[in-house]
Amino acid sequence: MKASFFDQNFNEINAQFLEHNLHPSGASLLYNWHYKLKQFEPCKTDLALKTQSFLRENYDFTLPKIVVAKESEDRTVKFLFELHDGKRVETVLIPFIGKYSVCLSTQVGCAMKCSFCFTGTQGLTRHLTTSEIIGQYLGAWDWLRTHRPSELKIPNIVFMGQGEPLHNFDAVKKACEIFLTEEGMCLGSRRITVSTAGYLPGLLRWKDEMPQVNIALSLHSPFEEKRNKLIPINQRYPLHEIVEVLDQIPMRKKQFVTYEYLLIDHYNDFEEDAHATGELLKSRRALLNLIPFNPFPGSEFKRPSFERVEAFKKITESYKVPSMIRGTKGDDILAACGQLNTK
Ligand code: SAH
């Protein structure tokens, strides 16, 4: 089987060109064609015939296909992508005044089985490859190009779709490298955020291997017992160990670790939860992102009232922990956090 072109980072393409005595400008040309100009057909412009036939013989250029695009009233778009083996994943475009964030999936399903998450109910089918991750971005771009051409900007990427990104570390790492490559998409590293449930084996590799993108931890409770119930892998990789590793990740000026806190009505939204969260985060470079629970078919939890969310925020603020409440976008089409499911 041919390798996918979209699985190769810039250095790998360069190395291939060197090894086969092809013109050294080839990698830049290809990165420009596919990632700057967002062309999906094999490139012919300015490439020697020898290079073109090398590419044809060695690389596959197919990308995941959009089979459904659902538009929400608030202009959020949820895509269902079909992969080469017929498996499916979802991707969400989230609008922000004339531009977008894209929420990417990293696995078909997820192995983490968090009790509040719709994706968890489907189990893990397989990891996505780098080209399948990159392909979601390119597919979303292509859809905007035809449907909303005046808003063709996706500067922000969050790895918060289906799957646990750090469980698929190598593919996610390479996707980040490709997103950041100057000759290609050239996205800002501050604009990429990888969210983890606290998968320690991946976190331990972060410091030495990951390009400098942002990290977010799904905290959801400062108490080990409660967190065990919400995020079962906490039993294996407990919060205190995770936080210790996060503390060691070097941060740029004004860079934070985002701690996501899913607020569930009368479960983890009590005053004592807020105080313990404040205690945990007060001396850390932390940004607290409060996410009111989004219900999905069959879910046992409820979303707290606005008053309870505000009260929680007030308490954590008294510890001088900066925080924000994540607005719910796309929930009318099951595109909000935790509502993705492709079974
Ligand atoms: N596996 C990664 C990324 C995917 S989930 C992680 O756990 O971080 C992205 C975010 O959505 C996480 O913070 C997750 O806890 C949250 N989430 C999951 N289910 C949700 C739901 N039903 N309502 C609101 N947020 C949810």
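Read on for an overview of the structure.

Right, let's get into the layout of surface pockets. The gaps left among the atoms become clear once a water-sized probe is rolled over them. Of the pockets and cavities examined, the largest pocket occupies roughly 960 Å³. Forming the walls of the largest pocket are 36 residues, and the residues nearest its centre are Phe96, Val158, Asn289, Met324 and Arg326. Within the residue set of the lining of the largest pocket, elements represented by two or more residues are β5 (88-96), β6 (99-103), β9 (156-159), β10 (192-196), β13 (286-292) and β14 (323-325). A per-element tally of the lining of the largest pocket places β13 first, with 4 residues. When its residues are assigned to classes, the lining of the largest pocket shows 18 nonpolar, 12 polar and 6 charged. Within this model, the second largest pocket holds a volume of roughly 360 Å³. Going through the elements one at a time, β1 (3-4) and α4 (130-147) are the ones with two or more residues in the lining of the second largest pocket. Of the residues contributing to the lining of the second largest pocket, the split by class is 5 nonpolar, 5 polar and 7 charged. Both domains that furnish three or more residues to the lining of the second largest pocket are identified here as domain 1 (3-59) and domain 2 (65-333).

Taken together, 20 residues form the shell around the ligand, and within it Phe116, Ser195, Ser218, His220 and Asn294 come nearest. With respect to the ligand, the side chain of Glu260 contributes an N or O atom lying 3.2 Å from an oxygen atom. Here the ligand has 540 Å² of accessible area as a free molecule, and 96% of this is covered by the chains. More than half of the atoms of the ligand fall within 2 Å of the grid points belonging to the largest cavity. Looking at side-chain class alone, the shell around the ligand contains 10 nonpolar, 8 polar and 2 charged residues.

About the thresholds
Residues numbered from 1 in each chain as written. Predicted model: local features only at pLDDT ≥ 70, side-chain atom pairs only at ≥ 80, totals over all residues. Heavy atoms only, no water. 1 Å grid on protein atoms, 1.4 Å probe; cavity = no way out; pocket = protein on both sides within 12 Å on 5 of 7 lines; lining within 4 Å. Points joined across faces, edges and corners; volume = space filled by probe spheres on them. Helix = DSSP H or I, 4+ residues; strand = E, 2+ residues; numbered from the N terminus. Nonpolar A, V, L, I, M, F, W, Y, C, P; charged D, E, K, R; others polar. Domains from an automatic or database assignment. Near = heavy atom within 4 Å. Polar contact = N/O pair within 3.5 Å; in protein donor to acceptor, adjacent residues only side chain to side chain. Areas by Shrake-Rupley, 256 points an atom, 1.4 Å probe, with all protein chains shown as cover. Sits in = over half its atoms within 2 Å of the grid points.

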